[in-house]
Every structure is written in structure tokens, then in C-alpha cells.
Amino acid sequence: AQSVTQPDIHITVSEGASLELRCNYSYGATPYLFWYVQSPGQGLQLLLKYFSGDTLVQGIKGFEAEFKRSQSSFNLRKPSVHWSDAAEYFCAVATTGGSYIPTFGRGTSLIVHP
Amino acid sequence: KAGVTQTPRYLIKTRGQQVTLSCSPISGHRSVSWYQQTPGQGLQFLFEYFSETQRNKGNFPGRFSGRQFSNSRSEMNVSTLELGDSALYLCASSTNSGASGDTQYFGPGTRLTVL
């Protein structure tokens, strides 16, 4: 079975600073990979996804992520954080080959200082 | 275009009761997935319905069931409620099945409290 690890429970950054949220996965083949954001009291919003092709994926709100097969990682980055980026971020991996069973990490809470 | 709607938004039940949650997908979307979110277990996939058929299923007991209607609206049912079923239940819709790669759009969720 696949699994996802987000090593950082909380991350605090200053507004305007760069951001990197870590995500490591375990899966026997090349998985589908996702990053979602959840604001308080809200559902999830997809930031970006990787299914195949270019390993550097561009998403919404200025986010990008890079799939590194050798490191089983899919880290999320943003060059300059805005106060509105404060939220919970979830990495997810889904099975491929016909079935679709997504597994989520426990999330990283992003705090942005002015 | 209206987003994914879930009803009710909040629900309080007692142990042993059953509950039905509803999800109306974005117009034109044929896939509906359900997720459970709790502080203890995090986000977990329950199941996915596509064109009225269950396509994929997570690791939940048989007390959790669902169905999808011809208009793509979906309901999720939990029988014999337990305290541990207290959670935020999220619904997501997409044009095609999740395996197709189509983006899933999430609703705001139904907050279920079991007393």
C-alpha cells in the first residue's frame, strides 16, 4: 500500500520569503501526485498535480512542485509567500493502473508572519 | 457555474443511529468521491462513484456505503454510528473518473458530530 509523509507539521515564514513544503511517498510504481490547500472551514483546493511528463509542475497561486523519482519526493515551492497563503497543505499520492485510491499526508500548517 | 454543494453542512447524531449525507456535483461532472477528515486519522478516501457505479473504494467498514443517481448526485450513508465517525465529510466531483487525471473540485463538507 502507498503512503505519504509530510515531515513538517508546522512551518512559519515571513511574508515575502520563499517556501518549500516537503513530501515523501512510498509506492511501487510511478504514482499520481497532488498538492492541495485547505483554508479554515473550507474544503480542499487542488494546487497542482503530477501524472506524467515534465517533472516540474506549475500550479495555481504561483506554486510549483518537482517530482524526484530517485528521492521519492514531491516538494512544493513558492518563491514569495503572501499572507493569504496561510493554510493547511496536503500532499497526496494515488494509485495508478486503472484503480484510483488516493492517500493523503497528515498535512503541514503554514503560518505567515507580516 | 455553481460549485459542489453538500447538505446538510452540520449534523448531530447519537450512537447507533444512521445518517445520510448528500452531494451535488458541478454540472456536467460524472464522478463523485467521498472523503473523511478527522484530527486523528487525517484525510481518508472513502469511495468514488462514476456513472452510478462504485469505481474505487477505500479501507472502511461496510457501515459506510454510498450511491449515485442518474443526475450524478450522490449520497453517502453511515449506519450504526460510532463516536469515531465524528468527522468532516468531504465530497469532490470531476468530469471523469479520478484515474483519468481530471481535477477534483471539493465541496465545503458536512460536519458530523456523533454523541
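Heads up: the structure comes first, above all this text.
These remarks concern the structure in this document. None of the values given here were measured: they were computed from a predicted structure.

Criteria and cut-off values
Residues numbered from 1 in each chain as written. Chains lettered and ligands numbered in written order. Predicted model: local features only at pLDDT ≥ 70, side-chain atom pairs only at ≥ 80, totals over all residues. Heavy atoms only, no water. Helix = DSSP H or I, 4+ residues; strand = E, 2+ residues; numbered from the N terminus. Rg over C-alpha atoms; globule rule 2.2 N^0.38 Å. Buried < 20%, exposed > 50% of the residue type's maximum accessible area, 1.4 Å probe, protein only. Contact = heavy atoms within 4.5 Å. Areas by Shrake-Rupley, 256 points an atom, 1.4 Å probe, with all protein chains shown as cover. Lys, Arg positive; Asp, Glu negative; His and termini not counted. Charge placed at Lys NZ, Arg CZ, Asp CG, Glu CD. Salt bridge = Lys/Arg side-chain N within 4 Å of Asp/Glu carboxyl O. Core = buried A, V, L, I, M, F, W, Y, C linked by side-chain atoms within 4.5 Å. Pairing = 2+ DSSP bridges. Disulfide = S-S within 2.5 Å.

**Points about the overall build of chain B**
Each helix and strand counted, chain B has zero helices and eleven strands in total. Starting at the N terminus and ending at the C terminus, chain B contains elements arranged as β-β-β-β-β-β-β-β-β-β-β. At 13 Å, chain B has a C-alpha radius of gyration in line with the 13 Å of a compact globule built from 115 residues. Across its three principal axes, chain B shows a C-alpha extent of roughly 35 × 25 × 25 Å. Looking at chain B residue by residue over its 115 residues, the buried ones come to 50%. For chain B, the proportion of contacts with a sequence separation of at least 24, taken over those separated by at least 6, is 56%. Surface summary for chain B: the accessible area is close to 5200 Å², and the carbon and sulfur share equals 47%. Here chain B carries 11 positive and 6 negative side-chain charges, and the mean point of each set is 4 Å from the other.

**A few points about the pattern of salt bridges**
Side chains bearing opposite charge may pair, as long as their charged atoms lie close to each other. Residue and element names in this part refer to chain A. The tally for this structure, following the rule as stated, stands at eight salt bridges over all chains. Here Arg-22 makes a salt bridge to Asp-8, at a shortest N to O gap of 3.0 Å. With Arg-22 in the loop between β3 (19-21) and β4 (24-26) and Asp-8 in the loop between β1 (3-5) and β2 (10-14), this residue pair connects regions lying 14 residues apart in the sequence. Residue class for Arg-22 comes out partly exposed when judged on its relative accessible area of 38%. Residues joined by salt bridges that share partners form a network here, namely Glu-64, Glu-66 and Arg-77.

**Notes on the nonpolar core**
Counting residues in each nonpolar core, the largest one holds 26 residues, and the members touching the most others are Trp-35, Leu-48, Phe-74, Leu-76 and Tyr-89 of chain A. Looking at this core, the elements that each hand over two or more residues are β2, β3, β5 (32-38), β6 (44-50), β8 (64-68), β9 (73-78), β10 (87-94) and β12 (108-113) of chain A. For this core, the leading source of residues is β10 of chain A, giving four residues. Apart from residues lying up to four places away in sequence, Leu-76 of chain A is in contact with Leu-19, Glu-20, Leu-21, Trp-35, Leu-47, Leu-48, Phe-63, Glu-64, Ala-65 and Tyr-89 of chain A. Counting 21 residues, the second largest nonpolar core, distinct from the first, contains Leu-11, Leu-46, Phe-60 and Leu-81 of chain B.

**Description of the pairing of strand β8 (residues 74-78) of chain B**
Note on strand geometry: in a regular strand, side chains alternate between the two faces of the sheet. All names here are of chain B. Of all five residues in β8, five are buried; the element is thus mostly enclosed. Of the two faces of β8, the one holding Ser-74, Met-76 and Val-78 and the one holding Glu-75 and Asn-77 are both buried throughout. Sheet topology places strand β3 (residues 19-24) next to β8; five bridges connect them, and they run antiparallel. In the strand pairing of β8, Thr-20 is matched with Asn-77. Pairing of strand β7 (residues 64-68) with β8, which is carried by five bridges, proceeds in the antiparallel orientation. Residue pairing for β8: Gly-66 is matched across the bridge by Met-76. Connecting the antiparallel pair β7 and β8 is a turn made up of five residues, with Ser-72 showing a positive phi of about 75 degrees.

**As for the state of the cysteines**
One way to say it: the disulfide is the covalent bond shared by the sulfur atoms of two cysteines. Enumeration according to the criterion identifies two disulfides over all chains in this entry. Two residues, Cys-23 of chain A and Cys-91 of chain A, share a disulfide whose sulfurs are 1.9 Å apart. Judged by the torsion about the S-S bond (-65 degrees), the Cys-23 of chain A/Cys-91 of chain A disulfide is left-handed. Residue Cys-23 of chain A is found in the loop between β3 and β4, and its partner Cys-91 of chain A is found in strand β10; the two are separated by 68 residues along the sequence. The class for Cys-91 of chain A is buried, based on a relative accessible area of 0%. The disulfide that involves Cys-23 of chain B links it to Cys-91 of chain B, with 1.6 Å between the sulfurs. One quick way to see it: the torsion about the S-S bond of Cys-23 of chain B and Cys-91 of chain B is about -45 degrees, and its sign makes the bridge left-handed. Of this pair, Cys-23 of chain B sits in strand β3 while Cys-91 of chain B is found in strand β9 (residues 87-94), placing the two residues 68 residues apart along the sequence.

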